Amino acid sequence: MVQTATEQTTMEKLVSLCKRRGFVFQSSEIYGGINGFWDYGPYGVTLRRAVEQLWWSEIVEDRDNVVGLDSSVICHPEVWRASGHIEKFFDLMVDCTDCKHRHRLDQMEDPEVCPDCGSRNLTAPREFNLMMKTYVGPIFDEEHAAYLRAETCQPIFVDFDLVRIASRQKLPFGIAQVGKAFRNEVTPRYFTFRSREFVQMEMEFFCRDNDAMEWFEYWREQRWRYYTDLLKIPSDKLRIHEHEQLAHYAKAAVDIEFQFPFGWGEMEGVHHRGTYDLSRHEEYSGKDMKYFDQEANERFHPTVIETSCGLDRMCLAILANGYYEDLAETKKEGKEQDVRVVLRLAPAIAPVQVAVLPLSKKLTENAEPLYHKLRKRFRAEYDDGGSIGKRYRRQDEIGTPLCVTVDFETLEDNAVTVRDRDEMTQERVGLDALDSYLADRIFS
Ligand code: ATP
């Protein structure tokens, strides 16, 4: 079997695979779609949940000093006044009067030239607020206006004291939340990379100001390790972008970027936010948001280190990183090789971790009980339709790391063939050792 270097992954190929195999669909497709909104199909939702769970265990479950929160999507509108979103959360946009395309000013290489048609006939930059507005109650007027949250972190600050008291945490400690965020992005694009509805996974870590830079370095390192060690993204496809311009209250900020098929893009931010958020909510709510340090007998606003990532961008990076095409030998006449599409996903997050494939439908009686046993421990799928070669290809395309084939020899030797997705090697494994063999390959 010859494995060749892959062709450059293109977004079109990825989008087409996602649709064909049920990872991601355009929202409301039968009505022509709605720009910036996406639906996750059966394999997509499983992948997304697995990635979210990996983050949640890493950030919350495996630590004693980080606790969880699940807040409402709509908060009191004052929350967004205090955070500055109503006043300042906007993008500056320019329109090209020739090709009619709209561009974000901060993303234009030359702010005087349309990146699409090269025209210099551009409008002056205009502000577009990104908050999505709705109305709460029966009357649709400004008094009843509310906003869908633009980020998941603000409710963490608002609930800081309630969570601290309930969880009896002392500094330093963190509060994490996963949930939907909404932004009225003016130019949603690059598939799920920039959407109008997306999932954020954020953690705010509250600490003493003296220790804050040490915690910043700690979280930056932890988050880098998450991508390389847990998601198995090669470090040459990742980079750290240090912010040159910092918010007036911040001491440091970096982005972790991934090399997407369309270029480098932010996946996560690690930010030193100072004491800004708690002091602003204290100012706007009139409620004391300080922490009382019993040992030092001091009251102060804790300093915050934030890790903030987008689940959809992370999944897109995982899919782009895993997408390969290699040339496999084929038995088809007139064709010596054909292209095998394979998603090399880390086994921990693959939507299907093991597929059980009986060589013939006559083996159902033996293969089905094995599948029912394995699905208790692994995300498993059963497939008995079509030739074995086609079934392997179907599993390769959705990133299944291991396929277990039950054949007629199984009846004699109580063993099955385990086929490896990446190497395409096959190994005979005894049924009594299968469970621990698979666990070793999938969880280690
Ligand atoms: P960008 O500069 O790309 O607009 P941002 O700096 O505004 O992103 P943050 O406000 O720091 O992003 O949000 C934290 C994370 O949330 C980002 O790193 C990204 O992964 C995710 N995110 C932000 N906006 C979107 C979006 N429109 N669609 C999908 N994910 C998003």
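Note that the structure is a prediction, hence the values are computed from the model and not measured.

Chemist: Before we go on, may I ask you to explain the overall build of the chain in this structure?
Modeler: Per the secondary structure count, the chain includes 13 helices and 23 strands. Across the 444 residues in the chain, those meeting the buried criterion constitute 51%. Within the chain, contacts between residues at least 6 apart in sequence are counted, and of these 64% link residues at least 24 apart. Just so you have it, the chain exposes about 22100 Å², and 48% of that area is on carbon and sulfur atoms.

Chemist: Got a minute to help me understand the side chain of Glu325 in this structure?
Modeler: With respect to the helices and strands, Glu325 occurs in strand S17 (residues 323-329). Within the structure, the side chain of Glu325 is placed 3.3 Å from the side chain of Lys13, a separation counted as a polar contact. Reaching out from Glu325, the side chain makes a polar contact with the side chain of Tyr323 at a distance of 2.9 Å.

Chemist: What exactly am I supposed to notice about the sheet that holds strand S23 (residues 426-430) here?
Modeler: In spatial order, the strands read S20-S19-S21-S22-S23; together these 5 strands make up an open sheet with mixed pairing. Both edges of this open sheet fall to strand S20 (380-382) and S23, since each of them pairs with a single strand only. On average, each strand axis in the sheet is tilted by 25° relative to the strand beside it, whichever way the strands run. By the bridge criterion, 3 bridges tie strand S19 (residues 354-358) to S20 in an arrangement that is parallel. The partner of Val356 across the bridge, within S20, is Tyr382.

Chemist: In this structure, what is going on with the site of the ligand? I would like to understand it.
Modeler: Taken together, 16 residues lie around the ligand, and Glu185, Arg194, Ser195, Glu266 and Met267 are the ones closest in. A distance of 3.2 Å separates a nitrogen atom of the ligand from a polar backbone atom of Phe193. A distance of 2.8 Å is found between a nitrogen atom of the ligand and a backbone nitrogen or oxygen belonging to Ser195. Protein chains shield 84% of the accessible area of the ligand, which is 600 Å² for the free molecule. When residues of the shell around the ligand are traced back to their parent elements, those giving at least two are strand S10 (197-207), strand S13 (263-274) and strand S16 (303-310). Here the residues of the shell around the ligand sort into 4 nonpolar, 5 polar and 7 charged.

Chemist: Explain the pattern of salt bridges to me, please; I cannot follow it from the model alone.
Modeler: When charged atoms on two side chains of opposite charge get close, those side chains can pair. Counted by the stated rule, this structure contains 40 salt bridges. Members of the salt-bridge network, linked through shared partners, are Asp326, Arg340, Arg344, Asp396, Arg419, Arg421 and Asp422.

Chemist: Explanation requested: unusual backbone geometry in the structure shown.
Modeler: Across the chain, the bulk of peptide bonds are trans and the bulk of non-glycine residues have phi less than zero. The omega torsion of the bond from Leu171 to Pro172 falls at -5°, within 30 degrees of zero and hence cis. With respect to the helices and strands, the residue Pro172 is situated in the loop between helix H6 (160-167) and strand S9 (173-182). Backbone geometry places Lys100, a non-glycine residue, at a positive phi of 70°. The exposure class assigned to Lys100 is exposed, which follows from its relative accessible area of 63%.

Rules used in this analysis
- Residues numbered from 1 in each chain as written.
- Predicted model: local features only at pLDDT ≥ 70, side-chain atom pairs only at ≥ 80, totals over all residues.
- Heavy atoms only, no water.
- Helix = DSSP H or I, 4+ residues; strand = E, 2+ residues; numbered from the N terminus.
- Buried < 20%, exposed > 50% of the residue type's maximum accessible area, 1.4 Å probe, protein only.
- Contact = heavy atoms within 4.5 Å.
- Areas by Shrake-Rupley, 256 points an atom, 1.4 Å probe, with all protein chains shown as cover.
- Polar contact = N/O pair within 3.5 Å; in protein donor to acceptor, adjacent residues only side chain to side chain.
- Pairing = 2+ DSSP bridges.
- Axes fitted to C-alpha atoms, helices over the stretch in contact; angles between N-to-C directions.
- Near = heavy atom within 4 Å.
- Nonpolar A, V, L, I, M, F, W, Y, C, P; charged D, E, K, R; others polar.
- Salt bridge = Lys/Arg side-chain N within 4 Å of Asp/Glu carboxyl O.

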